[in-house]
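Breakdown of the fold
Spelled out from the first residue to the last, the chains are:
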Amino acid sequence: MSFHKQKTINKNIQLTGVGLHSGQLVNLIIKPAAPNNGIVFIRKDLDKNNIIYPQVNNVCNAMLCTTISNEFGIKVSTIEHLMGALYGLGIDNVLVELDNEEVPILDGSAKIFVKEILKVGIKISDVPIKVIRINKPVEFKDGPKSISINPSKINLEIDFEIKYEDHLIGNQRNTLKVYEDDLNETFESRTFCLFEDIKKLREMGFAKGGSLENALVVKNGNLLNNEGLRNKKEFVNHKILDCIGDLYTTGYRIVASVTCSQGGHYLTNKLLREVFKDKENFSILEIKEKNLPHTLIHKNFLRSIA
């Protein structure tokens, strides 16, 4: 198979679920798209001005999820898990149609998106992919939270750490080479919260659709989900999934090294905005077979997720 060519899916994928924050039912259809189309969201519940592009400067809110909007104020929220699945599987072009404002949370991870994409299969075009190469270090800090992006020769490396007072979560750190490592644990890792934060979140208008079916809930050092953790570093691995999905708002896969401490959607978006302020910070390269970095031939792209 030719992994340096742009890819889409073979046929439509239909999914139904609730929005994590809205609590509203949403029907979602992921459709194949032509090369150079990119990822495009379409609000089918609206008759006009309903196309939204997941681009860095279209992120209008990054509090607890990533929300994008167009020039008419039409929004789509909680796009990060789907975007992470598309990035990890190397999908360059799809149309994402939905009949509400929020992408369904499903099980709180990217696992179901990945399973459904692999079920219908991936279609490879004859058009070369493009990647963003970071040329200069860029950093953004917000108090004790920090994120930086640095040049890397052949990979997207993510080094992420989280720090929580709750001893079950505690301090976790993991590193991932996105184009080389097995992504199954990243894909399957679920969103999480502390039990004591739920009431406050709902009063703020968030987490109305949250449950033990779609989120890990931790109370006083104990996990309330009967299933238990899917992997030992599920908390930080979910943050890495979010980071991958948010990085895909650049429109392309990235060759870079990202280091983040206690970050999230907001920090990632602020970092990307800093990167794109100066054209000297990055280059956009068309990857042809003769100059293809070996790690972009992701050996795990077509591996089934358990």
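Reference entry: report on the structure contained in this document. (Residues numbered from 1 in each chain as written. Predicted model: local features only at pLDDT ≥ 70, side-chain atom pairs only at ≥ 80, totals over all residues. Heavy atoms only, no water.)

A count of helical and extended segments in the protein gives six helices and 19 strands. At 18 Å, the protein has a C-alpha radius of gyration in line with the 19 Å of a compact globule built from 306 residues. Its C-alpha atoms put the protein at 55 × 45 × 40 Å along the principal axes. Counting every position in the protein, which comprises 306 residues, the buried fraction comes to 56%. A fraction of 75% describes how many contacts in the protein between residues 6 or more apart in sequence connect residues 24 or more apart. When the accessible area of the protein is evaluated, it comes to approximately 14,000 Å², of which 47% is carbon and sulfur surface. The average position of the 40 basic charges and that of the 37 acidic charges among the side chains of the protein differ by 3 Å. (Helix = DSSP H or I, 4+ residues; strand = E, 2+ residues; numbered from the N terminus. Rg over C-alpha atoms; globule rule 2.2 N^0.38 Å. Buried < 20%, exposed > 50% of the residue type's maximum accessible area, 1.4 Å probe, protein only. Contact = heavy atoms within 4.5 Å. Areas by Shrake-Rupley, 256 points an atom, 1.4 Å probe, with all protein chains shown as cover. Lys, Arg positive; Asp, Glu negative; His and termini not counted. Charge placed at Lys NZ, Arg CZ, Asp CG, Glu CD.)

One can describe the packing of helix 5 (residues 234-247) onto helix 6 (residues 265-275) by two numbers: an axis separation of 10 Å at closest approach and a directional angle of 35 degrees. Helix 5 and helix 6 meet at a crossing whose hand is right-handed. Only His265, Thr268 and Leu272 of helix 6 make contact with helix 5, whose side of the interface consists of Asp242, Cys243, Asp246 and Leu247. For the contact of helix 5 with helix 6, the per-class residue count stands at three nonpolar, two polar and two charged. (Axes fitted to C-alpha atoms, helices over the stretch in contact; angles between N-to-C directions. Left-handed = near helix turned anticlockwise from the far one by under 90°. Nonpolar A, V, L, I, M, F, W, Y, C, P; charged D, E, K, R; others polar.)

Another point: the environment of Gly210. Topologically, Gly210 is positioned in the loop between helix 4 (198-203) and strand 16 (216-219). It is 9.9 Å that separates the C-alpha atoms of Gly210 and Cys193, two residues lying 17 residues apart in sequence. When sequence neighbours within four positions are dropped, the list of residues in contact with Gly210 reads Leu20 and Arg202.

Burial runs high along strand 9 (residues 94-98): four of the five residues are buried. Where strand 4 (residues 39-43) and strand 9 come together, five bridges link them in parallel fashion. Of the residues in strand 9, the one forming a bridge with Val40 is Leu95. (Pairing = 2+ DSSP bridges.)

With that settled, the discussion passes to the sheet that holds strand 16. An order of 15-16-17 is seen for the three strands of this open sheet, with the pairing classed as mixed. Of all strands in the sheet, those with a lone pairing partner are strand 15 (192-194) and strand 17 (222-223), marking the two edges. For strand 15 and strand 16, the ladder comprises three bridges, and the chain directions are parallel. Opposite Cys193, over in strand 16, you have Val217 as the bridge partner.

Of all ten residues in helix 2 (residues 111-120), seven are buried; the element is thus mostly enclosed. Among the structural elements, strand 1 (5-9), strand 2 (13-18), strand 3 (25-32), helix 1 (80-88), strand 10 (122-134) and helix 3 (184-188) are those in contact with the buried residues of helix 2. Two residues or fewer after helix 2 comes Gly121, characterised by a positive phi angle close to 90 degrees.

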